[in-house]
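Examination of the molecular architecture
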Amino acid sequence: MANRAYNFNAGPAALPLEVLKQAQEQFVEYGNSGMSLMEMSHRGPIYEKVHYEADSLLRELLGIPSGYKVLFIQGGASTQFAMIPMNLLTPGATAAYVSTGSWATKAIQEAQMFGQVSIAASSEADKFMRIPSIGELNYPSDAAYLHLTSNETIEGTQWAEYPDTGSVPLVGDMSSDILCRPVDVSKFGLIYAGAQKNLGPSGVTIVIIREDLIRKPELTGVPTMLRYDTHAKADSLYNTPPTFAIYMVNEVLKWVKSQGGAEAMAALNADKAGLLYNLIDGSGGFYRGCAMPGSRSIMNVTFRLGSEELEKQFAKESEQQGFVGLKGHRSVGGLRASIYNAVPLESVRALTEFMQDFQQRNG
Ligand SMILES: *Cc1c(COP(=O)(O)O)cnc(C)c1O
């Protein structure tokens, strides 16, 4: 494609061009089936093959140990904000949360509707521009779980390492950084991620849950569709799953594998993020990184300019030159380059050239 945009959208976000082309080729007729995959029963052998392949590729690429279930659920990561307390809280128990930014705050607010919430650490006093250190975490030893947001998509911060929480299950929102690097899944009781940032299109949320956490909820009145045991028992085929989204996730996973897996993604992402942060740090203060060093995200690079006017001009000029999605989230302002797995190195190179040129003209 001659005019493919330099896509820095925060989500839904860039997908690998190879995957889009493959999907286009398979769209009208899947294999020799005489129909599109989207016209087929989710209980038939052709779709089931896709469904279970996505499951096993995810296990392979993330190194998910045995004893965990992979679930495909609808409703986005936002529905997980509710499902987690609904399923993991027991009456009278406390859930612990690390307050790191916009998404953690939403998760906390949702949990407060179902029980007691204890804040294990917060970086609000630093405007959420850092991730608390592991030593700062303080939570009841009998907490139902400890929840963290692996990557704060809006602020541009990311956990560099995860805490060991012993007998307290660790729950991680990895919506915006799943598979951006290898992860030790065994540290977690539950990992969840909406697909539309690093794994595919919107419409499906991945939940990786340790089997001992799959049980009948102790809170009363939890609807069938919002119970992990419902989906786990049925291999995510309790009701009609979002077949197209899962098909796309499977294709993206095949692409990640072809690129060399999570290690290769980590190397590529470090290169991309390094290009941007080096430029920002070397700009003599013209560009200012928002997140504190040590907490910087390799997925969402947030930065500011000297004035809001200049930021507006940056957003406008960058758009005119084929860059998409660089305006920061409306809640925090500034600028943000989302550089998920599928954003090619050459897009980031082009952006750094634009940034240098913009500084020369306006610095
Ligand atoms: C985007 C995002 C969400 C919300 O995802 P939805 O699928 O839109 O509900 C939650 N957490 C994080 C970290 C995100 O980046």
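What counts, and at which threshold
Residues numbered from 1 in each chain as written. Predicted model: local features only at pLDDT ≥ 70, side-chain atom pairs only at ≥ 80, totals over all residues. Heavy atoms only, no water. UniProt positions renumbered as here; feature names shortened; annotations may be inferred. Pairing = 2+ DSSP bridges. Helix = DSSP H or I, 4+ residues; strand = E, 2+ residues; numbered from the N terminus. Axes fitted to C-alpha atoms, helices over the stretch in contact; angles between N-to-C directions. Contact = heavy atoms within 4.5 Å. 1 Å grid on protein atoms, 1.4 Å probe; cavity = no way out; pocket = protein on both sides within 12 Å on 5 of 7 lines; lining within 4 Å. Points joined across faces, edges and corners; volume = space filled by probe spheres on them. Nonpolar A, V, L, I, M, F, W, Y, C, P; charged D, E, K, R; others polar. Domains from an automatic or database assignment. Buried area = accessible area lost by both parts, 1.4 Å probe. Salt bridge = Lys/Arg side-chain N within 4 Å of Asp/Glu carboxyl O. Polar contact = N/O pair within 3.5 Å; in protein donor to acceptor, adjacent residues only side chain to side chain. Expected span 1.5 Å × (residues − 1). Buried < 20%, exposed > 50% of the residue type's maximum accessible area, 1.4 Å probe, protein only. Phe/Tyr/Trp six-rings, centres within 6.5 Å; stacked < 30°, edge-to-face > 60°.

Looking up the protein chain in an unreviewed UniProt entry gives the name Phosphoserine aminotransferase, with the organism given as Cohnella yongneupensis. Here is the UniProt Subcellular location (unreviewed entry) comment for the protein chain, exactly as written: "Cytoplasm". UniProt, in the comment section headed Sequence similarities (unreviewed entry), describes the protein chain in these words: "Belongs to the class-V pyridoxal-phosphate-dependent aminotransferase family. SerC subfamily."

**Section: the sheet that holds strand β5 (residues 146-149)**
Reading across from one edge, β2-β10-β9-β8-β5-β3-β4 is the order of the seven strands in this open sheet, with mixed pairing throughout. Each edge of the open sheet carries a strand with a single partner, namely β2 (68-73) and β4 (116-122). The mean angle between the axes of side-by-side strands here comes to 20 degrees, regardless of whether they run parallel or antiparallel. Examined bridge by bridge, strand β8 (residues 170-173) and strand β9 (residues 190-194) share three bridges and lie parallel to one another. Following the sheet pairing, Gly172 is matched in β9 by Ile191. Strands β2, β3 (94-99), β8, β9 and β10 (205-210) of the sheet are contacted by helix α3 (residues 76-88), whose axis makes an angle of about 155 degrees with β9.

**Overview of empty space enclosed by the protein**
All told, the structure shown has three cavities of 30 Å³ or more when counted by the stated rule. Taken as a whole, the largest cavity holds about 60 Å³ of empty space. Considering the residues around the largest cavity, the lining is formed by 13 residues, among which Ala14, Lys197, Asn198, Leu199 and Ala342 are closest to the centre. Classifying every residue of the lining of the largest cavity by side-chain character gives nine nonpolar, three polar and one charged.

**Comments concerning the domain arrangement of the protein chain**
The domains assigned to the protein chain are domain 1 (18-258) and domain 2 (262-362). On a C-alpha basis, the centroid separation for the pair domain 1 and domain 2 is 27 Å. The interface of domain 1 with domain 2 comprises 25 residues on the first partner and 24 residues on the second. Both sides together, the interface formed by domain 1 and domain 2 hides about 1900 Å², and carbon and sulfur atoms give 59% of it. Along the contact surface separating domain 1 from domain 2 lie zero salt bridges. Connecting domain 1 to domain 2 are 13 residue pairs in polar contact (both at pLDDT 80 or more). Secondary-structure elements contributing two or more residues to the side of domain 1 that touches domain 2 are β7 (157-158) and α6 (243-259).

**Quick look at helix α9 (residues 345-362)**
A rise of 1.5 Å per residue sets the reference length of α9, with its 18 residues, at 26 Å; its end C-alpha atoms lie 26 Å apart and thus fit the reference within 8%. Turning to α9, its buried residues are Ser347, Val348, Ala350, Leu351, Thr352, Phe354, Met355 and Phe358. Turning to α9, the residues buried within the fold contact β1 (6-7), α7 (261-281), β12 (300-304), α8 (308-320), β13 (323-324) and β14 (335-338).

**What about the UniProt feature "binding site: L-glutamate" (unreviewed entry) in the protein chain?**
Those residues carrying the UniProt feature "binding site: L-glutamate" (unreviewed entry) are Arg43 in this numbering. The topology assignment puts Arg43 in the loop between α1 (17-27) and α2 (45-62). If sequence neighbours within four positions are ignored, Arg43 has contacts with Glu48, Leu237, Tyr238 and Asn239.

**Describing the packing of aromatic side chains**
Following the criterion strictly, the structure yields 18 aromatic pairs and no others. When the ring of Phe314 is compared with that of Phe354, the centres are 5.2 Å apart and the planes differ by 75 degrees; the resulting orientation is edge-to-face. One end of the pair, Phe314, is in helix α8; the other, Phe354, is in helix α9, and 40 residues separate them in sequence. There is no split in this pair, since Phe314 and Phe354 are both buried. Between Phe354 and Phe358, the ring centres sit 5.9 Å apart and the planes meet at 35 degrees, which makes this aromatic pair tilted. Here Phe358 and Phe354 lie together in helix α9, a separation of four residues that amounts to about one turn. Among the residues examined, Phe354 registers a relative accessible area of 3% and is labelled buried. Relative accessible area serves as the criterion here: at 0%, Phe358 is assigned to the buried category. Grouped by ring-pair contacts, the aromatic residues Tyr6, Phe8, Phe286, Tyr287, Phe303, Phe314, Phe323, Phe354 and Phe358 constitute a single cluster.

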